[in-house]
Amino acid sequence: MYLPPHDPHVDDPMRFKPLFRIHLMERKCATVECMYGHKGPHNGHIQIVKKDEFSTKCNQTDHHRMSGGRQEEFRTWLREEWGRTLEDIFHEHMQELILMKFIYTSQYDNCLTYRRIYLPPSSPDDLIKPGLFKGTYGSHGLEIVMLSFHGKKAKGTKITGDPNIPAGQQTVEIDLAHPLQLPDIENLRDFSELSRIVLEVQEQVRREEQEQEHRQEEEDCSQQAASQPAVKPLGGEGAEGEETAAGAEGTTQDKAPASQPFVLPMGVISRNEDYPRTCRICFYGTGLIAGHGFTSPERTPGVFVLFDDDRFGFIWLELKSFSLYSRIKVSFQNAEAPSREAFDEMLKNIQSLAT
């Protein structure tokens, strides 16, 4: 398991923790060992579920228990997961979230299902190289997000989740057609000024979407009235989309300076105060927020801040909070790790032995 660094140090390297190991001793002899817990390797099981998916099961979960009971297990987990003790955490809400995470993760006892992650494709036109990033999420600590590009949009999808927003949800969406011109550094310190700029762009985006829907409805009506197959006229939706994208690209490349001063407005909370003080460009975006259990989810306005090729940030306007993201550069394999093909073959051998 690759764990993010301790909160809020997003630039630190990922942490490595073995969860199971496989021994192929002879052609028809294989063993699986669970590495979870603190009593050493013990008997486990692996099963192929379907393509790009397998599950692990510990057959001796008593090896995961500690003599001091759940309290000792929680304190040990807290030191390893968060790098601190419960006494170090004074915020009551944060204590509640951490306890929820411990209860949620410990109930599985390394009986887990794994699915392969396919990284997003890269294009020369992308703002930066897509990939995996470590990001700060307030009291939830550090989480892993996959950044991908889709034409005039960029998306950040959660690879790891929390009690509010689970894994697989689109945590942020960046509108690359709407770059933001930040005020000078003194006015930027005023949250109300930044809020005014963002809300004006939000209203502009809303009007554009309404106009687009209206044009689409008119096209649909004209196509239904025509007896011959409809052909989209020049200057229609497709051509306009290309023009908008080209205009946005021109704005991004021609008008944006190489770097500009950046500082968080007063009142915006950041877990990591060591964020860069210059940025390349900013865009309007939306961030997903919800209550515990992913209740009442809604997309709220925010600011995407590109610092460099490996770091970006997002200002959550409604939460008055700032998330800093740093690229994961680890190759996700150690010196003894098998190749993808060898690992797939290994799982097939174990599956045939089990049957």
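Residues numbered from 1 in each chain as written. Predicted model: local features only at pLDDT ≥ 70, side-chain atom pairs only at ≥ 80, totals over all residues. Heavy atoms only, no water.

With an unreviewed UniProt entry as reference, the protein chain is termed FBX31 protein, source organism Thalassarche chlororhynchos. The UniProt entry for the protein chain carries this comment under Pathway (unreviewed entry): "Protein modification; protein ubiquitination." (UniProt positions renumbered as here; feature names shortened; annotations may be inferred.)

(A) Representation of the state of the cysteines in the model. Within the structure shown, the criterion is met by zero disulfides. Residue Cys-279 stays outside any disulfide, its sulfur separated by 4.0 Å from that of Cys-282, the closest cysteine. The buried category is assigned to Cys-279, whose relative accessible area is 1%. (Disulfide = S-S within 2.5 Å. Buried < 20%, exposed > 50% of the residue type's maximum accessible area, 1.4 Å probe, protein only.)

(B) A look at the environment of Cys-34. Examined against the element boundaries, Cys-34 turns out to sit in strand E4 (residues 29-34). Take Cys-34: its relative accessible area is 3%, and that puts it in the buried class. Not counting chain neighbours up to four residues away, the residues in contact with Cys-34 comprise Leu-19, Phe-20, Gly-40, Pro-41, His-42, Asn-43, Gly-44, Cys-58, His-64 and Asn-110. (Helix = DSSP H or I, 4+ residues; strand = E, 2+ residues; numbered from the N terminus. Contact = heavy atoms within 4.5 Å.)

(C) Main features of a negative patch on the surface. Residues Glu-208, Glu-209, Glu-211, Glu-213, Glu-217, Glu-218 and Asp-220 make up a contiguous surface patch of negative charge. Secondary-structure assignment places Glu-209 in helix H4 (residues 191-225). With relative accessibility at 47%, the residue Glu-209 sits in the partly exposed group. (Patch = residues over 30% accessible without salt bridge, like charges linked within 9 Å, V, L, I, M, F, W, Y side chains within 5 Å. Areas by Shrake-Rupley, 256 points an atom, 1.4 Å probe, with all protein chains shown as cover. Salt bridge = Lys/Arg side-chain N within 4 Å of Asp/Glu carboxyl O. Lys, Arg positive; Asp, Glu negative; His and termini not counted. Charge placed at Lys NZ, Arg CZ, Asp CG, Glu CD.)

(D) Highlighting the nonpolar core. Among the nonpolar cores identified, the biggest contains 26 residues, and Leu-180, Phe-262, Val-303, Ile-315 and Phe-322 are the most heavily contacted of them. Elements represented by at least two residues in this core include exactly H4, strand E15 (281-291), strand E16 (295-308) and strand E18 (321-327). The element best represented in this core is H4, accounting for six residues. Leu-180 has contacts with Ile-197, Val-198, Val-201, Cys-282, Phe-283, Tyr-284 and Val-303, leaving out every residue within four places of it along the chain. In this structure, Ile-128, Ala-154, Leu-176 and Phe-283 belong to the second largest nonpolar core, which totals 19 residues. (Core = buried A, V, L, I, M, F, W, Y, C linked by side-chain atoms within 4.5 Å.)

(E) Inspection of the pattern of salt bridges at higher detail. Using the criterion set out here, one finds 23 salt bridges in the structure. Across the pair Asp-109 and Arg-65 runs a salt bridge, and its minimum N-O distance is 3.1 Å. Note that Asp-109 is positioned in the loop between helix H2 (92-106) and strand E7 (112-115) and Arg-65 in the loop between strand E6 (53-58) and helix H1 (69-82), a separation of 44 residues in sequence. If you follow the salt bridges from partner to partner, you end up with Arg-65, Arg-70, Glu-73 and Asp-109 in one network.

(F) Representation of the packing of aromatic side chains within the structure. In the structure shown here, the tally under the stated rule is 18 aromatic pairs. Consider the rings of Trp-77 and Phe-102, whose centres lie 5.3 Å apart with planes at 55°: the pair is tilted. Taken together, the positions of Trp-77 in helix H1 and Phe-102 in helix H2 put the pair 25 residues apart, joining distant regions of the chain. The residues Trp-77 and Phe-102 share a single accessibility class, namely buried. Between Phe-133 and Phe-312, the ring centres sit 5.0 Å apart and the planes meet at 65°, which makes this aromatic pair edge-to-face. Taken together, the residues span a long stretch of sequence, with Phe-133 in strand E8 (residues 131-136) and Phe-312 in strand E17 (residues 311-316) at a distance of 179 residues. The exposure classification of Phe-133 matches that of Phe-312, with both residues buried. Connected via pairs of aromatic rings, a cluster forms that spans Phe-133, Tyr-137, Phe-283, Phe-304, Phe-312, Phe-314, Trp-316 and Tyr-325. (Phe/Tyr/Trp six-rings, centres within 6.5 Å; stacked < 30°, edge-to-face > 60°.)

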